[in-house]
Amino acid sequence: YVLEELKNRFDIEQLKEKGYKVFTSLDPEAQEKAEKILNEEIKSAPSGVTQYALVAIDVKTSQIRAIVGGVGDFWKNQWNRATNPHTIGSAFKPFVYLTAFEQGLIDPETRIKDSKFEIVDGTGMVWAPKNFDGKFWGVITVRDAITFSRNLPAVKVAYKVGIEKIIETAKVCGIETELDPHLSLALGSAAITPLEAAVSYATFARGGIYMKPILIRRIEDPKKRIIEKNIPVPQRVTSAYATSVLVRLLEEVVKRGTGTLARLDDRPTAGKTG
């Protein structure tokens, strides 16, 4: 991946001839542990899950500390899943709710109906989304809708907010992949990269501050002259208030909702299953 990034900026043969040194942001210990854990965990993965990918970003500096593109023998399969798109699923829902919080349309205690919803799409087909358990819970709070990842409330909020505005939120938070403006996007029908997911969730963790991910810290020539240096450039993209409301709810996902397996004993943890 580092070589791919360098190819976008330099002639690789030139780089070799000039004897440049490339300093990355990777933490070798974290990288080794990430690869080891994923290769162990895949042995007990749910049926149908044959691969894993992982991206770990330092929230303060936006430097990529570990990136695993897949499990198994790299030489037999060199597809980098961490930097290639995959359907995000319910992990997209935070963008829906963040947009609604920004607009002041809802708050955590707003009551919303987890009930049947149908809409005719552009082809004349009826789209009737369902919850993963096939049930409707009736009137629930936004807090519980996020915590327990209920699909129908997310779709209804997206319908009210407008899918274009949700796409704008996703883009400013760090998703660069083109997103189609269909209501099913509220449930994560789009494919994005795990790297984009990590970057945008890091934006949440900073309270609405986006920073471009950094893989290459600096490049030096043999005389230690700096050819390139990358430093984080913070940019406010969502309001501190709306983002902090979202993060508090994503903490509940891990405390008592669908993400309890991600709980950590020594620090607050926020997240979303997808």
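What comes next concerns the included structure.

Notes on the pairing of strand β5 (residues 111-114)
Along any regular strand, the residues point their side chains to alternate faces of the sheet.
Then, number 1: Here β5 shows a buried face lined by Ile112 and Asp114 and an unburied face lined by Arg111 and Lys113.
Then, number 2: The sheet contact formed by β5 and strand β8 (residues 138-141) spans four bridges and is antiparallel. Bridge pairing in β8 links Asp114 to Gly138.

Some details on the sheet that holds strand β12 (residues 226-229)
Then, number 1: Strand order in this open sheet of three strands is β1-β11-β12, and the pairing throughout is antiparallel. A single partner strand is all that each edge strand has here, and the edge strands are β1 (21-24) and β12. Across the sheet, the mean angle separating the axes of adjacent strands is 15° when strand polarity is ignored.
Then, number 2: As paired elements, strand β11 (residues 216-220) and β12 share three bridges and run antiparallel to each other. What sits directly across from Ile219, in β12, is Glu228.

A few points about helix α3 (residues 28-41)
Then, number 1: Under the 1.5 Å per step criterion, the end-to-end length of α3 is 20 Å for 14 residues, consistent within 8% with the ideal 20 Å.
Then, number 2: Among the residues of α3, those classed as buried are Gln31, Ala34 and Leu38. For α3, the angular spread of the buried residues around the axis is 65°, confining them to a single face. Exposed and facing more than 90 degrees away from the buried side of α3 are Pro28, Glu29, Glu32 and Lys36.
Then, number 3: Looking at the buried side of α3, the elements it contacts are β2 (54-57) and β3 (64-68).
Then, number 4: Of the residues flanking the start of α3, the one acting as N-cap is Asp27, its side-chain oxygen 2.9 Å from the backbone nitrogen of Glu29.

Remarks on the packing of aromatic side chains
Then, number 1: Tallying each qualifying case throughout the model produces seven aromatic pairs.
Then, number 2: Seen from their ring centres, Phe74 and Trp75 are 5.1 Å apart, and the 75° between their planes marks the pair as edge-to-face.
Then, number 3: We classify Phe74 as partly exposed; its relative accessible area is 46%.
Then, number 4: Here the aromatic cluster, defined as three or more aromatic residues joined through ring pairs, consists of Phe92, Phe95, Tyr201 and Phe204.
Then, number 5: In this arrangement the basic side chain of Arg150 is found over the ring face of Trp137, its NZ or CZ atom lying 3.9 Å from the centre.
Then, number 6: Here the guanidinium or amino end of Arg218 rests over the ring plane of Phe23, the centre of that ring lying 3.9 Å away.

Section: the nonpolar core
Then, number 1: Formed by 44 residues in total, the largest nonpolar core has its most connected members in Phe92, Tyr97, Phe101, Leu179 and Phe204.
Then, number 2: Mapped by element, the contributors of at least two residues to this core are α4 (93-103), α5 (142-147), α6 (151-161), α7 (163-173), α8 (194-205) and α9 (240-256).
Then, number 3: For this core, the element with the highest residue contribution is α9, accounting for seven residues.
Then, number 4: Look past the residues within four positions of Phe101 in its chain and what remains in contact with it is Ile106, Asp107, Pro108, Val142, Ile146, Ala242, Val245, Leu246 and Leu249.
Then, number 5: With 17 residues, the next largest nonpolar core counts Ile64, Ile67, Ala198 and Tyr210 among its residues.

Focus: the pattern of salt bridges
Then, number 1: Applying the stated criterion to the full structure yields 16 salt bridges.
Then, number 2: A salt bridge links Glu252 to Arg143, with the nearest nitrogen and oxygen atoms 2.3 Å apart. Of the two residues, Glu252 sits in helix α9 while Arg143 sits in helix α5, which places them 109 residues apart along the sequence.
Then, number 3: Judged by its relative accessible area of 15%, Glu252 is buried.
Then, number 4: The class for Arg143 is partly exposed, based on a relative accessible area of 23%.
Then, number 5: A salt bridge links Arg218 to Glu220; the shortest N-O distance between them is 2.9 Å.
Then, number 6: Given a relative accessible area of 10%, Glu220 falls into the buried group.
Then, number 7: It is possible to trace a salt-bridge network through shared partners that takes in Glu109, Arg143, Asp144, Glu252 and Arg256.

Conventions adopted
- Residues numbered from 1 in each chain as written.
- Predicted model: local features only at pLDDT ≥ 70, side-chain atom pairs only at ≥ 80, totals over all residues.
- Heavy atoms only, no water.
- Buried < 20%, exposed > 50% of the residue type's maximum accessible area, 1.4 Å probe, protein only.
- Helix = DSSP H or I, 4+ residues; strand = E, 2+ residues; numbered from the N terminus.
- Pairing = 2+ DSSP bridges.
- Axes fitted to C-alpha atoms, helices over the stretch in contact; angles between N-to-C directions.
- Expected span 1.5 Å × (residues − 1).
- Arc of directions from axis to C-beta.
- Contact = heavy atoms within 4.5 Å.
- Polar contact = N/O pair within 3.5 Å; in protein donor to acceptor, adjacent residues only side chain to side chain.
- Phe/Tyr/Trp six-rings, centres within 6.5 Å; stacked < 30°, edge-to-face > 60°.
- Lys NZ or Arg CZ within 6 Å of the ring centre and 35° of its normal.
- Core = buried A, V, L, I, M, F, W, Y, C linked by side-chain atoms within 4.5 Å.
- Salt bridge = Lys/Arg side-chain N within 4 Å of Asp/Glu carboxyl O.

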